[in-house]
There are 2 protein chains.
Amino acid sequence: MSSQAPRTPPGPRPRFSQDELLDEALTILAIDGPDGLSLRRLASRVGVTARALYCYFDSKDALEAALVERVMPVPPPLDPDRSWHEQLRTYVMRIHDAFVDQPGAARLFAARSARSTAMDHVREYLLTLLVQAGLSHPDAIAALGTLSRYLMGCVVIEAERRANPDPDINRIAVLPSAEFPVLGSFADEYAARNSEESTRYGLDLIVSALRHVAGEATYPDSPIKRGRRS
Amino acid sequence: MSSQAPRTPPGPRPRFSQDELLDEALTILAIDGPDGLSLRRLASRVGVTARALYCYFDSKDALEAALVERVMPVPPPLDPDRSWHEQLRTYVMRIHDAFVDQPGAARLFAARSARSTAMDHVREYLLTLLVQAGLSHPDAIAALGTLSRYLMGCVVIEAERRANPDPDINRIAVLPSAEFPVLGSFADEYAARNSEESTRYGLDLIVSALRHVAGEATYPDSPIKRGRRS
DNA sequence: ACCTGAACACCGTTCAAGT
DNA sequence: ACCTGAACACCGTTCAAGT
């Protein structure tokens, strides 16, 4: 095990790639959650001083930005054999899964996706599909916003749920039924809800509405053309 | 100004109510943002040691939980003269506005609404409206989840946008058009998008779809009964 | 260019002690 | 019950110095 002939130069001068450090950071996130990621802990895990990390990243902020770029799935090429809404659904779920499987990363997604260039590629892909669906420019932009917001909510809520599992077995079942008659009577259904299915339910809901906006089917009272009711 | 006859007992023994401390905490959030709220800063603002705050709240976590309870709007009474979807839209927007106007509070909303009893009241109110709309139990639960996730995403994204205004005048306009042909051509529309309108667009989209699920209008290919497509 | 070590200005939380 | 003061175990970041 302790052979001679070191492949790396000897002495206290290990070198890392940014990617190795990001891997280690993701490991910390997976083990200790979003609050567990600190430069000092990352440094000690790779056997270096906290100061040394500033040779690789300008700041903790820059490291977090790089983490988001790394976790965000790259959009697949457009597939002419699949409908726009099927491709859209698949890709949105892929992003969802990526950030939900990387537990501590959801907070980073929430904090920095607006300025992320990986997220720009996501926007480009989704917009392309929405335009392909036949949506007008304003509709496509608004629909992109709707999908982004819904996706963000799914990721944030599910990540929080995993990081902080039910304090009681079932909070809802224990609520006073006088104050919460409906919620209380739904306690079992509420506890049984499955995250993956719930996420898909809302996504399907939004996509269906968008298909009607796109004119793919009749949609008697679309909210789109009606304007805001006051 | 410096009169005698103090109304509070003299000496270094000021007392606060929890509410006064929460007010002060909200002020700090408004001034310094979510990262600016610390027990030490709150303590110094009210002229006390950080340790003293532990006489009012068990921990910073407990203080944050109390902040969420305080910011969350209380559901209004049911109004038989207004449709379920109008009441639902109005209330969801009220929550949205409450957390977006209280800038640093969005992160707290994201982190703790799952365990918030104020949020339980929100759930009870929304579920009541959804049941009143005629949704089945599973549909009502799923719809509640969809609305919660969408609302969460709206609050998180908008709060982040306010806390961290566009780094450039318009990030999107400056993207390489070879890589971002669609997004680039939408740069103006993208920059002009208005948060309030965008939020309402998606909410109307979801509500419209729910109205069809509820059987209020024909909805040829509802995602609900179809099951998951694979 | 990469790294150490010490320091600075912060955190939340706890202990021991005062009134 | 409420509060102080000191301490503990952390943070991100920076300075000065080494190779």
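Residues numbered from 1 in each chain as written. Chains lettered and ligands numbered in written order. Predicted model: local features only at pLDDT ≥ 70, side-chain atom pairs only at ≥ 80, totals over all residues. Heavy atoms only, no water.

(A) Region of the structure containing the pattern of salt bridges. All names here are of chain A. Under the defined criterion, the tally for this structure stands at 30 salt bridges over all chains. For Asp23, the salt bridge goes to Arg70, with nearest N and O atoms at 2.8 Å. Residue Asp23 is located in helix α1 (residues 18–32), and its partner Arg70 is located in helix α3 (residues 60–71); the two are separated by 47 residues in the primary sequence. The class for Arg70 is partly exposed, based on a relative accessible area of 32%. Overlapping salt bridges, with partners in common, bring together Asp19, Asp23 and Arg70 in one network. (Salt bridge = Lys/Arg side-chain N within 4 Å of Asp/Glu carboxyl O. Helix = DSSP H or I, 4+ residues; strand = E, 2+ residues; numbered from the N terminus. Buried < 20%, exposed > 50% of the residue type's maximum accessible area, 1.4 Å probe, protein only.)

(B) Representation of the environment of Val68 of chain B within the structure. All names here are of chain B. The residue Val68 is located in helix α3 (residues 60–71) in this model. In sequence terms Val68 and Phe109 are 41 residues apart; their C-alpha atoms lie 6.2 Å from each other. Excluding residues that lie within four positions of it along the chain, Val68 makes contacts with Phe99, Leu108, Phe109, Arg112 and Ser116. (Contact = heavy atoms within 4.5 Å.)

(C) Structural detail: the relation of the copies chain A and chain B. Taken as rigid bodies, chain A and chain B are interconverted by a rotation of 180 degrees and an axial shift of 0.0 Å, the fit giving an RMSD of 0.0 Å. Given the turn and translation reported, the copies of this chain are related as if by a two-fold rotation axis. (Least-squares fit on C-alpha atoms with pLDDT ≥ 70 in both.)

(D) A look at helix α7 (residues 137–163) of chain A. Its 27 residues give α7 of chain A an end-to-end C-alpha distance of 39 Å, which sits within 8% of 39 Å, the value for a rise of 1.5 Å per residue. Among the 27 residues of α7 of chain A, 21 are classified as buried, and the element is accordingly described as predominantly covered. (Expected span 1.5 Å × (residues − 1).)

(E) The packing of helix α4 (residues 84–101) of chain A against α7 of chain A, seen in detail. Residue and element names in this part refer to chain A. Where α4 meets α7, the axes come as close as 9 Å, and the angle between the chain directions of the two elements is 30 degrees. As summarised for this structure, α4 and α7 are arranged roughly parallel, according to the angle between their axes. Like other packed secondary-structure pairs, α4 and α7 cross with a definite hand, here right-handed. Across the interface between the two elements, Leu88, Val92, Ile95, His96, Phe99, Val100 and Asp101 from α4 touch Leu147, Leu151, Cys154, Val155, Glu158 and Arg162 from α7. (Axes fitted to C-alpha atoms, helices over the stretch in contact; angles between N-to-C directions. Parallel < 35°, antiparallel > 145°, perpendicular 65-115°, else oblique. Left-handed = near helix turned anticlockwise from the far one by under 90°.)

(F) Structural detail: the side chain of His96 of chain B. Considering the arrangement of structural elements, one finds His96 of chain B in helix α4 (residues 84–101). When sequence neighbours within four positions are dropped, the list of residues in contact with His96 of chain B reads Leu151, Cys154, Val155, Ser195 and Thr199 of chain B.

(G) Structural view of the interface of chain A and chain B. Facing the 73 residues of chain A at the interface are 74 residues of chain B. Roughly 6,600 Å² is buried in total at the junction of chain A and chain B, and carbon and sulfur atoms are behind 62% of that figure. Inspection of the region where chain A meets chain B yields 4 salt bridges. Residues Arg115 of chain A and Glu160 of chain B are paired through a salt bridge, measuring 2.8 Å at the closest nitrogen-oxygen approach. Summed over the shared surface of chain A and chain B, the result is 20 residue pairs in polar contact (both at pLDDT 80 or more). Listed by contribution, the elements that provide at least two residues to the side of chain A that touches chain B are α4, α5 (105–112), α6 (117–132), α7, α8 (181–185), α9 (187–192), α10 (195–213) and α11 (223–226) of chain A. When its residues are assigned to classes, the side of chain A that touches chain B shows 35 nonpolar, 18 polar and 20 charged. (Buried area = accessible area lost by both parts, 1.4 Å probe. Polar contact = N/O pair within 3.5 Å; in protein donor to acceptor, adjacent residues only side chain to side chain. Nonpolar A, V, L, I, M, F, W, Y, C, P; charged D, E, K, R; others polar.)

(H) Expanded view of the packing of aromatic side chains. One pass over the structure, following the stated rule, counts 6 aromatic pairs over all chains. Taking the centre distance of 4.9 Å and the plane angle of 75 degrees together, the rings of Tyr91 of chain B and Tyr125 of chain B count as edge-to-face. On the criterion of sequence distance, the pair formed by Tyr91 of chain B in helix α4 and Tyr125 of chain B in helix α6 (residues 117–132) is long-range, its members being 34 residues apart. For the residue pair Tyr91 of chain B and Tyr125 of chain B, the accessibility class agrees, reading buried in each case. A centroid spacing of 4.4 Å and a plane angle of 25 degrees characterise the contact between Phe99 of chain B and Phe109 of chain B, whose relative ring orientation is stacked. Of this pair, Phe99 of chain B sits in helix α4 while Phe109 of chain B sits in helix α5 (residues 105–112), placing them 10 residues apart in sequence. Given a relative accessible area of 1%, Phe99 of chain B falls into the buried group. The ring of Tyr190 of chain A carries the charged tip of Arg193 of chain A above its face, separated from the ring centre by 4.0 Å. (Phe/Tyr/Trp six-rings, centres within 6.5 Å; stacked < 30°, edge-to-face > 60°. Lys NZ or Arg CZ within 6 Å of the ring centre and 35° of its normal.)

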